[in-house]
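The primary structure of each chain is shown beneath.
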Amino acid sequence: MRHIYLFDFLGVVCSVIDKDGFRHGVGIILVNSKRQVFIAKRVGKEAWQFPQGGLQEAETPEEAMLRELKEEIGLSAADVKIIASTRRWLRYRLPKRMVRHYSKPLCIGQKQKWFLLRLETNDEQINLASTDSPEFDSWAWVSYWYPLSQVVSFKRRVYNLAMKEFARVVLSKRFWEIK
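Residues numbered from 1 in each chain as written. Predicted model: local features only at pLDDT ≥ 70, side-chain atom pairs only at ≥ 80, totals over all residues. Heavy atoms only, no water.

Visitor: Before we move on, can you summarise the environment of L66 with the specific residues and values?
Guide: Along the chain, L66 falls in helix α1 (residues 61-73). Sequence separation between L66 and I28 is 38 residues, and the spatial gap between their C-alpha atoms is 9.5 Å. (Helix = DSSP H or I, 4+ residues; strand = E, 2+ residues; numbered from the N terminus.)

And the structure:
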């Protein structure tokens, strides 16, 4: 498969876009001891979402997920348990008004691998200001299906697919027996 890399102004690879125009990325569904999920509000907007981000060159989805976890909410691998990942990549297309037609290569949406994580530490470890440019300014623990009503419409299908795939694990009686 042919990949195209986007570089920032310093020449650092910032994301991978495949030949079909989809940016490779990861999504994170973090669950606490009450089986609630973590959502966060984008800085300066009323947009709530799960943590997510793009893959960098030569980075595996799991490596990208751990990097995004640290960058976006200040958690490390020691703070969470990886429970599952989606069986396949989940895609969404950007609305036409959001496609940057002047960008090369053209990115028309995202192709994401989703991870289900269980928080193994306490809430005090969560730090939205763990980097110089935070993506979120607020966060909350919410009931499992609540994010579907909050996420922007073009991401809703992907959220639904990931959450349905993970529901049988999170909502099972054996969730806390998973080692």
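Visitor: Requested: an account of the nonpolar core, with residues and values cited.
Guide: In terms of nonpolar packing, the biggest core is built from 25 residues, with I29, F50, W114 and L116 touching the most fellow members. With 8 residues, helix α3 (residues 156-170) is the single largest residue contributor to this core. Sequence-distant contacts of L116, that is, excluding residues within four places in its chain, are made with I29, V31, K81, I82, I83, A84, F166, V169 and V170. (Core = buried A, V, L, I, M, F, W, Y, C linked by side-chain atoms within 4.5 Å. Buried < 20%, exposed > 50% of the residue type's maximum accessible area, 1.4 Å probe, protein only. Contact = heavy atoms within 4.5 Å.)

Visitor: Which residues make up the packing of aromatic side chains, and what are the values?
Guide: Within the structure shown, the criterion is met by 8 aromatic pairs. Ring plane angle 75° and centroid distance 5.9 Å describe the contact between F50 and W114, whose orientation is recorded as edge-to-face. Here the residue F50 occupies a position in the loop between β5 (48-49) and β6 (52-54), and W114 occupies one in strand β9 (residues 109-119), the gap between them amounting to 64 residues. Under the relative-accessibility criterion, W114 is labelled buried at 0%. On the numbers, 4.8 Å between centres and 15° between planes, the contact of F50 with Y159 is stacked. A residue pair is termed long-range when its members are at least 10 positions apart, and F50 in the loop between β5 and β6 and Y159 in helix α3 qualify at 109 residues. You can call F50 buried: its relative accessible area is 0%. Note on Y159: relative accessible area 1%, which makes it buried. Within the aromatic cluster, the residues linked to one another by ring pairs are F38, W139 and W141. The ring of F22 is capped by R91, whose NZ or CZ atom sits 4.8 Å from the centre of that ring. For the cation-ring pair, K111 lies above W89, with the distance from its terminal atom to the ring centre recorded as 5.5 Å. (Phe/Tyr/Trp six-rings, centres within 6.5 Å; stacked < 30°, edge-to-face > 60°. Lys NZ or Arg CZ within 6 Å of the ring centre and 35° of its normal.)

Visitor: An account of the pairing of strand β4 (residues 37-42) is requested, with residue identities and associated values reported.
Guide: Counting buried positions over the 6 residues of β4 gives 5, a clear majority of the element. As defined by bridge partners, β4 adjoins strand β10 (residues 136-142) across 6 bridges and the pair is classed as antiparallel. When the sheet's bridge partners are listed, R42 is paired in β10 with F136. Bridge count between β4 and β5: 2 bridges; the pairing is antiparallel. The residue of β5 that forms the bridge with A40 is Q49. Count of turn residues in the β4/β5 antiparallel hairpin: 5 residues, of which G44 carries a positive phi of about 70°. (Pairing = 2+ DSSP bridges.)

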